Amino acid sequence: MVNLSRKLLPSTSALAAFDSVARLGSFSAAAEELSLTQGAISRQVSGLEEQLGILLFDRTSRGVNLTEVGAEYSKTIAGALAQIRYASLQAMTKQHNDQLNLAILPTFGTRWLMPRMPQFVARHPEITLNFATRIGVFDFDRDGIDMAIHIGQPNWPGADCTFLMDEMVAPVASPSFLNSHPIGKAEDLLHMPLLHMASRPGAWNHWFESLRIAATPSQAMRFEQFGSVAQACVAGLGLALMPLFLIDSELASGQLVEAFPHQIKSPSAYYAVAPLSKTDFRPVAAFRAWLLEEIGRYKEGVVER
């Protein structure tokens, strides 16, 4: 009986990995959402399947799909995890009236938002912030989230989308890499190691197409998080197509430089998204107003530079 009880109670980390892959349909996207490696996600899911003695996903060369039993299991597990998250937030927060449950993107959160958060906390000490990492569209009510920072299009069902900023990208590399790999024209990049983001497989094609260069970019290393790509560039492993605002510190210090003078706008943009029922919720309104101010100041600083 004890062994059966343990078998029927998988670890929350395995369930969270399964839930993320089930929602996003990709091990790499789940890894980005949970700030883990793709291998770690795969091991968690495989361990869960072994523990339950069932196959939760059909794995093909094109990706993964839920099996019939996996789809049924996903529905129940998603609701259970949402209840656990909500209960945990309530237990961690002493005041419930002025708290903001905010979903953030991993790299945007750590590199751009968090360094600026002390200003919001100083202005609104009465608001308790609870952070969760999410990628893509999710159910606000199910996850107990009041607001999200989203990259994509302003087409979130049942939600208000406030435009924050566009994303400008450009090829970057370390000075030492460029010294040993001189670039005279854009076509030169086609013969160099181009680092890729798993979540943006067509980024380099889009950049070359903007220059009317019809060619297939070289395949080199692939990464799951922008922070890892930036470090690989600093180490001189190749060129990466990076959102410039996410590598401000590396550009300012000279660790990275623009490899070719051609910036383009990403197809997606950043939005502050809140369900229609929370649009006028005081913490949501306060954070939205502050965020727009911060982005305005950041854009002014970029223009001045």
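Anything mentioned here points back to the structure above.
Residues numbered from 1 in each chain as written. Predicted model: local features only at pLDDT ≥ 70, side-chain atom pairs only at ≥ 80, totals over all residues. Heavy atoms only, no water.

Caption draft 1: Local environment of the overall build of the chain. Secondary structure assignment for the chain yields 13 helices and 11 strands. At 21 Å, the chain has a C-alpha radius of gyration in line with the 19 Å of a compact globule built from 305 residues. Dimensions of the chain along its principal axes, counting C-alpha atoms only, are 70 × 50 × 30 Å. Counting over 305 residues, the chain shows a buried share of 46%. (Helix = DSSP H or I, 4+ residues; strand = E, 2+ residues; numbered from the N terminus. Rg over C-alpha atoms; globule rule 2.2 N^0.38 Å. Buried < 20%, exposed > 50% of the residue type's maximum accessible area, 1.4 Å probe, protein only.)

Caption draft 2: Region of interest: the packing of aromatic side chains. Throughout the structure, instances matching the rule amount to 20 aromatic pairs. Geometrically, the ring pair formed by Phe120 and Phe287 is edge-to-face, given 5.1 Å between the ring centres and 75 degrees between the ring planes. You can see Phe120 sitting in helix α7 (residues 117-123) and its partner Phe287 sitting in helix α13 (residues 282-304), a full 167 residues away along the chain. Accessibility assignment for this pair places Phe120 and Phe287 in one class, buried. Following the ring pairs from residue to residue traces out a cluster consisting of Phe108, Trp112, Phe245, Tyr270 and Tyr298. (Phe/Tyr/Trp six-rings, centres within 6.5 Å; stacked < 30°, edge-to-face > 60°.)

Caption draft 3: The arrangement of the side chain of His262 in detail. Looking at where His262 falls in the secondary structure, it is placed in the loop between β10 (257-258) and β11 (264-275). Among the residues examined, His262 registers a relative accessible area of 18% and is labelled buried. A polar contact of 2.9 Å, which involves the side chain of His262, links it to the side chain of Ser210. (Polar contact = N/O pair within 3.5 Å; in protein donor to acceptor, adjacent residues only side chain to side chain.)

Caption draft 4: Here's a closer look at helix α2 (residues 12-24). Look at α2: 18 Å from first C-alpha to last across 13 residues, which is about the 18 Å you get at 1.5 Å a residue. Gly25 sits one or two residues past α2 and shows a positive phi near 70 degrees. (Expected span 1.5 Å × (residues − 1).)

Caption draft 5: Main features of the pattern of salt bridges. Summed over the entire model, instances satisfying the criterion amount to 17 salt bridges. Where Glu49 meets Arg59, a salt bridge forms, and the shortest distance between an N and an O atom there is 3.0 Å. In this pair, Glu49 sits in helix α4 (residues 38-52) while Arg59 sits in strand β1 (residues 57-60), placing the two residues 10 residues apart along the sequence. Judged by its relative accessible area of 8%, Glu49 is buried. For Asp143, the salt bridge goes to Arg142, with nearest N and O atoms at 3.1 Å. In this structure Arg142 comes out as partly exposed when scored by relative accessible area, which is 28%. Overlapping salt bridges, with partners in common, bring together Asp19, Arg23, Glu33 and Arg85 in one network. (Salt bridge = Lys/Arg side-chain N within 4 Å of Asp/Glu carboxyl O.)

Caption draft 6: Seen up close, the packing of helix α3 (residues 27-34) against α4. Following both chains from N to C, one finds α3 and α4 inclined at 105 degrees, their axes separated by 8 Å at the closest point. Accordingly, the angle class assigned to the pair α3 and α4 is roughly perpendicular. Contacts between α3 and α4 involve Phe27, Ser28, Ala30, Ala31 and Leu34 on the former and, on the latter, Gln38, Ile41, Ser42 and Val45. Partitioned by chemical class, the residues of the contact of α3 with α4 number 6 nonpolar, 3 polar and no charged. (Axes fitted to C-alpha atoms, helices over the stretch in contact; angles between N-to-C directions. Parallel < 35°, antiparallel > 145°, perpendicular 65-115°, else oblique. Contact = heavy atoms within 4.5 Å. Nonpolar A, V, L, I, M, F, W, Y, C, P; charged D, E, K, R; others polar.)

Caption draft 7: Local environment of the nonpolar core. Judged by nonpolar contacts, the single largest core of 42 residues is most densely connected at Phe108, Leu113, Ile149, Tyr270, Phe287 and Leu291. Ala17, Phe27, Leu48 and Val64 belong to the second largest nonpolar core, which has 19 residues in total. (Core = buried A, V, L, I, M, F, W, Y, C linked by side-chain atoms within 4.5 Å.)

Caption draft 8: Summary view of the pairing of β1. The pairing of β1 with strand β2 (residues 63-66) spans 4 bridges and is antiparallel. Across the sheet, Asp58 pairs through a bridge with Asn65, a residue of β2. Linking β1 back to β2 in an antiparallel pair, the connection comprises 2 residues. (Pairing = 2+ DSSP bridges.)

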